[in-house]
Amino acid sequence: MHGAREASATGLSRRTLLRSGGLALSGLAAAGMLSGCGGTAQAAGAEQLRFWHLLSGGDGIKMQAMIDSANASQQAYKVLPTVLAWGAPYYTKLAMASAGGRPPEVAIMHAARVPGYAPGGLLDPWDLDLLATHGVTKDDFAPRIWENSQLDGKVFSIALDSHPFILMYNTEVAGKAGVLGANGQLETITSGDRFKEAALEMAKVTGKHGLSYGYLSDGAQMWRMFYTFYRQHGATMELPQGQKAKVDRDVAVDVLEYIHSLLDGKIATASGDGGTAIAEFAGQGSGMLASGVWELPTMQTAKVPFDAMPIPTLFGTPAAYADSHAFVLPHQQNLDEQKRSDVYAFVAQILKGSLNWAKAGHIPAFQPVVRSEAYKNLLPQAHYAGAADIINYDPRAWFTGSGSDFQSYFAENIQNVFLGRTQAKDGWDAFVRRLDTLLSKPNPV
Amino acid sequence: MSTTIDKRQAAPAAPAENRHEARKRRDRIHGWSFMAPFLAFFGLFLIWPLIYGVVMSFTGKSLTGANSSFLGLANYAEALGDADMWHSLGNTLYFTVISTVPLVLVALLMAALVNMGLPAQWLWRLSFFAPFLLASTVVSLFFVWMFNPQLGLINDVLGKVGLAPVDWLNNPDVAMWSIVIASLWWTVGFNFLLYLAAMQNIPTAHYEAAQLDGAGGWRQFFSITLPQLNQTTIMIVILQVLASLKIFDQVYQMTGGGPGGATRTIVQYIFEAGFTGYRLGYSAAISYIFFGLIVVVSIAQFAVTRKRSA
Amino acid sequence: MATTLTAPARTSRRTAVEPSRKRRKPLSPARIIATVIVAVLAVTWLVPFAWATVTAFKSETEAAAAPITLVPKSGFTFDAFAKVLQQGNIPQWTWNSLFTSAAVTAVTLVISALAAYALSRIDFKGRKVLMTVIVASLIVPPPVLIIPLFYQMVSFHMIDTYWGIILPQVIAPAMVFVLKKFFDQIPRELEDAALVDGAGRIRIFLQVVLPLSRPILAAVAIFVFIGAWNNFLWPFIVTNDSAMLTLPVGLQTIKSAYGIQYAQNMASALLAALPLILVFLFFQRQIIKGISTTGLAGT
């Protein structure tokens, strides 16, 4: 019965079927065995800590150096970094990984995003006692930074730095424009008009503009300047869930109109984007640059003779917009106590070595570093370190913080105000309506 | 199986109906046994999620696990009033329209050329079809690099012929076209193969008869080839449309839906609503609205092909 | 997520894209022009590959230099490839892709062939209903399922596991129909003869039907493998850990801490493209025939 047919029947297909069946079975078996681990073998002894962050470019290089030195300095743990694209791609994946139950052992988040994110249960609070055994306590952080790290009395983020929106200025240009104070730094400017005058003086010197400010297609940049001035007025912004946004409309409109008045083509270019602004100041085509502290290394590399300071207090109350890079503990389905403990050691190590981080422009959050001689001698960082005491994070809500939709909504409505295509009050009202719509929806976190 | 046969042989005197019943029972067992593995996966990973997705769309379920409260049709109502959703849908339809035309015409052209039996056939087949085997990420990397405003090949070539550089991926008016170009390069090879196969299926007798009648190459193409390809063309267009409506990969990879949401497609919006915005329930509602659209298009496809073959 | 298909299964006709017709046609002006046009098109189509290759073999500084050069001044170098292979996760991702794609292919083949045979050959109660349900499922686009499937994977603790990547992808209703149509055409006499000989269903399936189905099984296997290998959306959603990503997904995340490295990006892309391109070069004929035979797919 079988003989002849069998001979002709043993074709490729049967072998393929059996082979593929065998492969399937062994595959499923192996998959079953491997489903527990991440696919990589454990290095003998050292606990592997997965560390996610969103720092690239100059920041990324410095962070990598800090990770390398932490790894080299001890044998108990080895940190494996994963870098994802800044903004939504990073935060989306972090949330998905956390929802999946096996997120990285430690991650960086912007501090302003934590209050909105933590209530969902995707983060574990920090054990302050355990942190203290590694030499890090509450007193080691500036009050405003510490305040923002808490939710319901628990600490969810340990800040590495604060990175405010500041003013860099070309000392040579400022000198020629006659706006330097006695100490060689920019004179103290306390009014919006005086600021414009100084900018115009500088514009005469450079022949181009007095101020470089890039904002096109960049909601974050627009928001940073706006919120700095808004808070300088002493105005507040609250976003209570289920209610309407509590904002000071008059102040907001004033601020928007003031910023628009800066973008007249003489003080600053009317429609510059980030890259153009940086290139302009780096090429010494302007006297001042309004940007984040992270642009510092670029200007140092470009050998611009410059100094830096917090944005001058033009409207009464000293204020600086900032966010912080902060370490968080994603919630683990099956917590490995040893790894968790190693994370504390790692974070403490990074904090203590954050002088290196300061060289990237950021203000270290860890006060012992800020109080050190080495930092005090670090210029121009030391000249704006005071911004840490006056920083303002985004108003708390589940949709605010760096790289969030909040800043995109701001861009959608305010870009045209800056460009002069829409009235300030119309743009602002549209933005607030958007916020109200968001607030009326249930908080998904 | 052999036991059932033994049983049959062991009861030779059993009446015909019993044998019939036994065979039917055996067939039923066999049938369901053979189907079982497929059905297990099918039920677990297609039917169940399909149903559960509907359930989710009636709740406010969040990525964090919170908020499973029943919301009735609130998500659907919100989705239908969501400007961003309509915008994403609009982008998707725009992409579908502007991409389907070249993807059909260029494929037709390629197939017609290759079908002429020109030398070095293998080279043409290889060139046109090879991109189809690449993963979307590879295609996106290639094209993001070629579209680079300062260092990209395309702007360089434009510059050499005296044209201004184009901001391919950051200019809202141009971005979708850039994605169409990349998509065309990537997937036209597939339509090309289908057309080629269909063309080679046309009996040569038709052409020989036309030749005898004195019809030249062009005439033959328009009077014989094209009409014979009608069925194929319809099939390709419909499938292209359905595929374009589901587009996600290369758009997400090349522009991330930007600039400013100008290229965000509906699938990306579903992804963002659920995973970036944490609102799984809401996102599920949007995906079922999208499903509805696909069903409508599929029914239209069914009707059109039905009518043609009738 | 399996691709959706409808397919006219062709058997006897010389349908697959065959090499050039045997008869030699005269070299008319029309044919010369046509050759030129097709050559230009083909060269255009090869440009992205060529340009990526040239870039990948440049040094990083050369790659980022303007104006761009076709032949790098500092010569060609393997630097980018070396860096990518040392620092990145490409070998791990390649293995993940290989393993999951092979598993998806194997499982899909097995369960689809079994189901197709049942639908084709076995008259059992409920067959019509099943057919209708499976046909109906062809309409469901994979993106509709990503949200509930993700949630399901979270519940099963299958996020970041091979299971999670593989399991939803083995469902290929279209392949079931492709196989069914093929099985329908196998003469029943062969099976009846085996039945008379006393062979059981499974044996008939394995020893009669399958050997005759070699071409269609190969076609389905190729199609499913390519689809699984290149699948982006589902693996992207179900994996997060860098060590568990498949090659297409991993490629998406190559972000150097050192900023955008153009030569390395192209090197990574080429390494990722390599496996399937090699397979294509060696099995060109089978692949093209397989894809034409298997018919139409949603991309």
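Residues numbered from 1 in each chain as written. Chains lettered and ligands numbered in written order. Predicted model: local features only at pLDDT ≥ 70, side-chain atom pairs only at ≥ 80, totals over all residues.

As named in an unreviewed UniProt entry, chain A is Extracellular solute-binding protein, taken from Arthrobacter silviterrae.

As for the overall build of chain B
Counting its regular elements, chain B contains 14 helices and zero strands. Listed by position from the N terminus, the elements making up chain B come as α-α-α-α-α-α-α-α-α-α-α-α-α-α. Taking 2.2 N^0.38 as the reference for a compact globule, 310 residues should give roughly 19 Å; the C-alpha atoms of chain B span a radius of gyration of 27 Å, well beyond that estimate. For chain B, the C-alpha atoms occupy an extent of roughly 95 × 75 × 35 Å along the three principal directions. Taken across its 310 residues, chain B has 45% of its residues classed as buried. Put simply, 68% of the contacts in chain B that link residues at least 6 apart link residues at least 24 apart. (Helix = DSSP H or I, 4+ residues; strand = E, 2+ residues; numbered from the N terminus. Rg over C-alpha atoms; globule rule 2.2 N^0.38 Å. Buried ≥ 20, exposed ≤ 12 C-beta atoms within 10 Å, placed from the backbone. Contact = placed C-beta atoms within 7 Å.)

Thoughts on the overall build of chain A
On a plain count of helices and strands, chain A comes out with 20 helices and 15 strands. For chain A, the spread of C-alpha atoms along the three principal axes comes to 105 × 50 × 45 Å. A separation threshold of at least 6 residues defines the contact pool for chain A, and within that pool the share at least 24 residues apart is 79%.

Here's the deal with the pairing of strand β1 (residues 47–53) of chain A
Residues and elements named next belong to chain A. Counting buried residues along β1, five of its seven residues qualify, which places the element largely inside the surrounding structure. Relative to strand β2 (residues 77–83), β1 runs parallel, the two sharing seven bridges. Paired with Gln 48 across the two strands is Lys 78, which belongs to β2. Assessed by its sense of winding, the connection that carries the chain from β1 through helix α3 (residues 57–72) to β2 is right-handed. Pairing analysis gives two bridges linking β1 to strand β3 (residues 106–110), with the strands arranged parallel. (Pairing = 2+ DSSP bridges. Right-handed = clockwise from strand over helix to strand, strands pointing away.)

What about the interface of chain B and chain C?
Interface size is commonly expressed as the accessible area that is lost once the parts come together. Of the residues lining the interface, 83 residues belong to chain B; the matching set on chain C comes to 86 residues. When residues in the side of chain B that touches chain C are grouped by element, the largest group, 18 residues, is from helix α2 (residues 16–57) of chain B. Of the residues that constitute the side of chain B that touches chain C, the class distribution is 58 nonpolar, 19 polar and six charged. (Nonpolar A, V, L, I, M, F, W, Y, C, P; charged D, E, K, R; others polar.)

What to know about the pairing of strand β12 (residues 320–323) of chain A
Residues and elements named next belong to chain A. Along β12, one buried face is formed by Ala 320 and Ala 322 and the opposite face, lined by Tyr 321 and Asp 323, is buried too. By the bridge criterion, two bridges tie strand β8 (residues 161–170) to β12 in an arrangement that is antiparallel. Among the inter-strand pairings, His 163 is bridged to a residue of β12, identified as Asp 323. Here two bridges tie β12 to strand β15 (residues 391–392), and the two strands are oriented parallel to one another. Bridging across to β15, Tyr 321 finds its partner in Asn 392.

Thoughts on the packing of helix α4 (residues 90–121) of chain C against helix α8 (residues 173–184) of chain C
Residues and elements named next belong to chain C. Contact geometry of α4 with α8 gives a least axis separation of 8 Å together with a crossing angle of 50°. Taken together, the axis directions place α4 and α8 in an arrangement best described as oblique. Note that α4 runs across α8; the crossing there is right-handed. For the pair α4 and α8, contact is made by Thr 108, Ser 112, Ala 113, Ala 115, Ala 116, Tyr 117, Leu 119, Ser 120 and Arg 121 and by Met 175, Val 176, Leu 179, Lys 180, Phe 183 and Asp 184, respectively. Of the residues assigned to the contact of α4 with α8, the class counts are nine nonpolar, three polar and three charged. (Axes fitted to C-alpha atoms, helices over the stretch in contact; angles between N-to-C directions. Parallel < 35°, antiparallel > 145°, perpendicular 65-115°, else oblique. Left-handed = near helix turned anticlockwise from the far one by under 90°.)

A few points about the environment of Thr 263 of chain B
Residues and elements named next belong to chain B. Relative to the helices and strands, Thr 263 resides in the loop between α12 (249–254) and α13 (266–276). A count of 27 C-beta atoms within 10 Å places Thr 263 in the buried class. Through-space distance from the C-alpha of Thr 263 to that of Pro 172 is 7.8 Å; in sequence the pair is 91 residues apart. When near neighbours in sequence (up to four residues on either side) are disregarded, Thr 263 contacts Asn 91, Ala 175, Met 176, Ile 179, Val 251, Thr 255, Gly 257 and Gly 258.

Describing the domain arrangement of chain A
Residues and elements named next belong to chain A. According to the domain assignment, chain A consists of domain 1 (47–160 + 324–391) and domain 2 (165–321 + 404–440). One C-alpha centre belongs to domain 1, the other to domain 2, and the line joining them spans 28 Å. Taken together, the contact pairs 14 residues of domain 1 with 15 residues of domain 2. Mapped by element, the contributors of at least two residues to the side of domain 1 that touches domain 2 are α3 and α18 (381–384). (Domains from an automatic or database assignment.)

Considerations on helix α19 (residues 405–418) of chain A
Residue and element names in this part refer to chain A. Helix length check: α19, at 14 residues, gives a terminal C-alpha distance of 19 Å against a target of 20 Å (1.5 Å per residue), a fit within 8%. Glu 412 marks the point of greatest bend in α19, at about 35°. All buried positions along α19 are accounted for by Phe 406, Gln 407, Phe 410, Ala 411, Asn 413, Ile 414, Gln 415, Val 417 and Phe 418. After α19 finishes, the residue Gly 420 shows a positive phi value of roughly 85°. (Expected span 1.5 Å × (residues − 1). Bend = angle between axes of the 7 residues up to and from the residue.)

Notes on helix α8 (residues 175–200) of chain B
Compared with the 38 Å implied by 1.5 Å per residue over 26 residues, the 37 Å span of α8 of chain B between its first and last C-alpha is a close match. Counting buried positions along α8 of chain B yields 21 of 26 residues, so the element is predominantly enclosed.

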